[in-house]
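# Coordinate inspection notes
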Amino acid sequence: MAEQLNLSNFEDARCYLRKLREDQIRDAAMVVQIWEDVLMNYAYNLGDELWLIYEQVCIAALDCQRPDLVMVCIGELENKFPKSLRVTRLKGMLYEAEDRYEKAQQLYEHILAEDETNMFARKRQVAILKAQGKTAEAINKLNDYLKEFMTDFEAWMEQCDLYIAENDYAKASFCMEELILSNPHNHLYHLKYAEIKYTQGGPENLEIARAYFSEAAKLNPHNLRSLFGLLMTASGLAVYHSKNSKERQANTKYAMWAAEQINEIYGNELTKSQISNMKITETIEKLLGEISAKTTN
């Protein structure tokens, strides 16, 4: 969208920021640039939308490590909404950026005292624990949160990552299973679940991984990560079932199909050099050659 707009134009810049908010996209550097280069000097033309833009710019400035701009935005918002819990949350995020976690925690506790169902404050508390390296405590806090907000898919993904950080792949798998149930057409959920199962290892987990790599590749045929995962998993199973002719042939077939898809994608990718194409082809052929040699012995 940015390429189709003249972001030096007031209306185009305004529409672009609105589109980012509606689609919940954080393009921090662009937001800050648009504000400082275009909209800041014409803030009086923004009407009530100005306050949404101040909040958007404040979060972007936090991402860009611009405390000067953060303070300006919070100051304007606080003057307009002196008792707003949303402004209090922004102040807490500023304290987090400054590593003043106790001050941030106090503000989030104040928010929850006023509104115990405030999702954002509770998630920020998890973020504080994570930033402090208290992964186990962050997991417990997020578990309590998910008991009340079970449809927060971002929270399930975050919990999965926390479990992975603790090498608790069984519970990480559970998180991904919940996400797959919630949206079975999201290829990224299938892909991550497959990668977790691949990491766990063992023939049963590899069988599951192969199935979910296959599903991810089916949902998004151009996802190389899914195809490479299928290639590696099927190759490993072909070696494992070297004495079982039926299983060996089936997995070799999966591996060959994945290799063909990878070669086709690289072959059709015009931005890749011929050298890159040769290297990926040689790598796949070498891998399949090794599998063939092992399974025939």
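Presented here is a report on the structure given in the accompanying data block. The shown structure was predicted, so the numbers you read here are calculated from the model rather than taken from an experiment. (Residues numbered from 1 in each chain as written. Predicted model: local features only at pLDDT ≥ 70, side-chain atom pairs only at ≥ 80, totals over all residues. Heavy atoms only, no water.)

## Points about the overall build of the protein
The condition that has to hold: What counts as a helix is a DSSP run of H or I of at least four residues, what counts as a strand is a run of E of at least two, and both are numbered from the N terminus. Any residue under 20% of the maximum accessible area for its type is buried, any over 50% is exposed, and the rest in between are partly exposed; the area is computed with a 1.4 Å probe on protein chains only. Residue contacts are counted whenever heavy atoms from the two residues lie within 4.5 Å of one another. Where accessible areas are quoted, they stem from the Shrake-Rupley method and a 1.4 Å probe; at the residue level, only the protein chains shown are allowed to cover.
Helix and strand counts for the protein come out as 15 helices and zero strands. In the protein, which comprises 297 residues, the share counted as buried stands at 40%. Taking the contacts inside the protein whose residues are at least 6 apart along the sequence as the reference set, 48% of them involve residues at least 24 apart. Carbon and sulfur atoms make up 51% of the accessible area of the protein, which totals about 17100 Å².

## What about unusual backbone geometry?
Phi at Q24 is positive, roughly 55 degrees, even though this residue is not glycine. Following the sequence through the fold, Q24 ends up in the loop between α1 (10-22) and α2 (28-39). The phi angle at Q65 is positive, at roughly 55 degrees, despite the residue not being glycine. If you trace the backbone, Q65 turns up in the loop between α3 (49-63) and α4 (67-80).

## Topic: the side chain of N186
So the rule is basically this: Pairing of N or O atoms within 3.5 Å defines a polar contact, subject to two protein rules: one partner must be a possible hydrogen donor and the other a possible acceptor, and residues neighboring in sequence count only if both atoms are side-chain atoms.
Inspection of the secondary structure assignment puts N186 in the loop between α10 (169-182) and α11 (187-200). The exposure class assigned to N186 is buried, which follows from its relative accessible area of 19%. Polar contacts involving the side chain of N186 include one to the main-chain amide nitrogen of L188, which spans 2.9 Å.

## Considering the state of the cysteines
Here is the rule: Here, the term disulfide refers to a pair of cysteine sulfur atoms separated by no more than 2.5 Å.
For the structure on display, the rule yields zero disulfides. Of the cysteine sulfurs around C73, a residue in no disulfide, the closest is that of C58, at 5.2 Å. By relative accessible area, which is 0% here, C73 ends up buried. Take C175: it sits in no disulfide, and the sulfur closest to it among the cysteines is that of C160, at 5.6 Å. According to the relative accessible area criterion, C175 is buried, its value standing at 1%.

## Some words on the packing of α1 against α3
Our working rule: Working convention: axes come from line fits to C-alpha atoms, limited for helices to the stretch in contact. Angles between N-to-C directions cover 0 to 180 degrees. Roughly parallel refers to an angle under 35 degrees, roughly antiparallel to one over 145, roughly perpendicular to one between 65 and 115, and oblique to any angle outside these ranges. For any pair of crossing helices, the crossing counts as left-handed if the nearer helix is rotated counterclockwise from the farther one by less than a right angle, and right-handed if it is rotated clockwise. In this classification, Asp, Glu, Lys and Arg are treated as charged, Ala, Val, Leu, Ile, Met, Phe, Trp, Tyr, Cys and Pro as nonpolar, and every other residue, Gly included, as polar.
Running from N to C, α1 and α3 point in directions that differ by 65 degrees, and their axes come no closer than 11 Å. Judged by the inter-axis angle, α1 sits roughly perpendicular to α3. The chirality of how α1 crosses α3 is left-handed. Here R14, L17, R18, L20 and R21 of α1 lie close against α3, whose contacting residues are E49, L52, I53 and Q56. Looking at the contact of α1 with α3 residue by residue, the classes come out as four nonpolar, one polar and four charged.

## Section: the nonpolar core
Rule in force here: Residue types Ala, Val, Leu, Ile, Met, Phe, Trp, Tyr and Cys, when buried and joined through side-chain atoms within 4.5 Å, form a set referred to as a nonpolar core.
Core analysis: the largest hydrophobic core is formed by 43 residues, its most contacted members being W35 and L39. Counting only elements with at least two residues in this core, the list comes to α1, α2, α3, α4, α5 (85-97), α6 (101-114) and α7 (119-131). Considering each element in turn, this core owes the most residues, 10 residues, to α3. For W35, the residues in contact, after removing those within four places along its chain, are M40, A43, L46, L50, I53, Y54, V57 and L69. With 21 residues, the next largest nonpolar core counts L162, Y163, A172 and L179 among its residues.

## Here we look at helix α9 (residues 153-165)
Counting along an α-helix, one turn takes 3.6 residues, and residues three or four places apart therefore face a common direction. Applicable threshold: Expected helix span is computed as 1.5 Å times (number of residues minus one). Here the arc refers to the set of directions running from the helix axis out to each C-beta atom.
For α9, built from 13 residues, the straight-helix expectation of 18 Å at 1.5 Å per residue is met to within 8% by its first-to-last C-alpha distance of 19 Å. Within the sequence span of α9, burial applies to A155, W156, Q159, C160, L162 and Y163. When α9 is viewed along its axis, its buried side chains cluster within an angular range of 165 degrees and face the same direction. Away from the buried face of α9 by more than 90 degrees, exposed residues E154 and A165 are located. Those residues of α9 that are buried lie in contact with α7, α8 (135-148), α10 and α11. If you check the start of α9, you find a side-chain oxygen 3.3 Å away from the backbone N of E154, and it comes from D152. Of the residues one or two after α9, N167 is the one with positive phi, at around 60 degrees.

Honestly, that's just the spatial picture; any functional story needs more than this.
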